[in-house]
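So you can see what is in the structure, the chains are spelled out below.
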Amino acid sequence: MQALTRLWYLLWLLPLYLAGMMIHLGAVYHGLGSTYQHGESYIADVLDFEIKQIAAQTNGHITVRFDITDGTEVVRKLSQPIQNAAQLQASEWIPVRYKPSSYQPVVLVPIYEFHRKMVLVNLGVLSISFVVSLFLAILAHRYALRKTRTPDQPTSYRIIKNE
């Protein structure tokens, strides 16, 4: 019974993972806004653009290069969902905002609004998943505690007399 109880406690890993993902997406959301509002504007060259079709998932990446005011060259490979990648497909240059101290240092200006809304939707889905998994983990935890304290033993006995 102890092994089963330990397995029930592993269910807590799912809400912990989802909480970590929520923190990450919150930082991305905040970083996008911070870079867009307080970052410097540049025009980036598109070095590479690729769209991948893997089973039912389609995504892509774009590699941009731009020089910042101190002469340093910045090259970033940014993965993008197909909705964002399709908007950028025909571009040779893309306006970007850059803030190196931000959690999201490079923001592609043409897809900023869509990207921000997409992160917000993902954050909402994660929040619902977190609440549901937390509820299930609490129920499983209570069940495991109850089984640990009162192991399965018969509560009544039947005595048969052989005469």
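Above this text is the structure in question.
The rules behind each value
Residues numbered from 1 in each chain as written. Predicted model: local features only at pLDDT ≥ 70, side-chain atom pairs only at ≥ 80, totals over all residues. Heavy atoms only, no water. Helix = DSSP H or I, 4+ residues; strand = E, 2+ residues; numbered from the N terminus. Buried < 20%, exposed > 50% of the residue type's maximum accessible area, 1.4 Å probe, protein only. Contact = heavy atoms within 4.5 Å. Areas by Shrake-Rupley, 256 points an atom, 1.4 Å probe, with all protein chains shown as cover. Salt bridge = Lys/Arg side-chain N within 4 Å of Asp/Glu carboxyl O. Patch = residues over 30% accessible without salt bridge, like charges linked within 9 Å, V, L, I, M, F, W, Y side chains within 5 Å. Phe/Tyr/Trp six-rings, centres within 6.5 Å; stacked < 30°, edge-to-face > 60°. Expected span 1.5 Å × (residues − 1). Axes fitted to C-alpha atoms, helices over the stretch in contact; angles between N-to-C directions. Parallel < 35°, antiparallel > 145°, perpendicular 65-115°, else oblique. Left-handed = near helix turned anticlockwise from the far one by under 90°. Nonpolar A, V, L, I, M, F, W, Y, C, P; charged D, E, K, R; others polar.

Student: Explanation requested: the overall build of the protein in the structure shown.
Tutor: Summing up its helical and strand segments, the protein has four helices and five strands in all. Reading the secondary structure of the protein in the N-to-C direction produces α-α-β-β-β-α-β-β-α. In the protein, buried positions account for 28% of the 163 residues. Here the analysis covers contacts within the protein between residues at least 6 apart in sequence; of these, 62% occur between residues at least 24 apart. Only carbon and sulfur atoms are counted for the fraction: they give 60% of the accessible area of the protein, which is about 11200 Å².

Student: Just to check I follow, could you spell out the pattern of salt bridges for this structure?
Tutor: If charged atoms from side chains of opposite charge come close, those side chains can pair. Applying the stated criterion across every chain yields a total of two salt bridges. A salt bridge links Arg 65 to Asp 45; the nearest nitrogen and oxygen atoms lie 2.6 Å apart. Taken together, the residues span a long stretch of sequence, with Arg 65 in strand β2 (residues 57–67) and Asp 45 in strand β1 (residues 40–54) at a distance of 20 residues. A relative accessible area of 21% means that Arg 65 is categorised as partly exposed. Take Asp 45: its relative accessible area is 24%, and that puts it in the partly exposed class. Residue Arg 65 pairs with Glu 73 through a salt bridge whose shortest N-O separation is 3.4 Å.

Student: Explanation requested: a nonpolar patch on the surface in the structure shown.
Tutor: Residues Leu 11, Ile 128, Val 132, Phe 135, Leu 136 and Leu 139 make up a contiguous nonpolar surface patch of roughly 560 Å² in combined accessible area. Its place among the elements puts Ile 128 in helix α4 (residues 112–149). Judged by its relative accessible area of 59%, Ile 128 is exposed.

Student: For this particular structure, what's the right way to read the packing of aromatic side chains?
Tutor: For any pair of aromatic rings, the description consists of the separation of the ring centres together with the inter-plane angle of the planes. By the definition in use, this model includes four aromatic pairs. Geometrically, the ring pair formed by Tyr 42 and Phe 66 is stacked, given 5.4 Å between the ring centres and 25° between the ring planes. Of this pair, Tyr 42 sits in strand β1 while Phe 66 sits in strand β2, and the two are 24 residues apart along the sequence. By relative accessible area, Phe 66 is classed as buried at 1%. Ring plane angle 70° and centroid distance 5.3 Å describe the contact between Phe 66 and Tyr 98, whose orientation is recorded as edge-to-face. In this pair, Phe 66 sits in strand β2 while Tyr 98 sits in strand β4 (residues 93–98), placing the two residues 32 residues apart along the sequence. Tyr 98 matches Phe 66 in its accessibility class, with the two residues each being buried.

Student: What should I look at first to understand α4 in this one?
Tutor: Residues spaced three or four apart along an α-helix point in a common direction, a consequence of the helix completing one turn every 3.6 residues. Under the 1.5 Å per step criterion, the end-to-end length of α4 is 54 Å for 38 residues, consistent within 8% with the ideal 56 Å. Taken residue by residue, α4 has Tyr 112, His 115, Val 119, Leu 123, Leu 126, Ser 133, Ala 137, Ala 140, Ala 144 and Lys 147 as its buried positions.

Student: Would you take a moment to explain the packing of helix α2 (residues 13–38) against α4 for this structure?
Tutor: For any two helices packed against each other, one specifies the inter-axial angle together with the distance between the axes. It is at 9 Å that the axes of α2 and α4 come closest, and there the two elements cross at 160°. As the angle between them shows, α2 and α4 are arranged roughly antiparallel. Both α2 and α4 take part in a crossing whose hand is left-handed. Residues of the contact of α2 with α4, tallied by class, amount to 19 nonpolar, seven polar and one charged.

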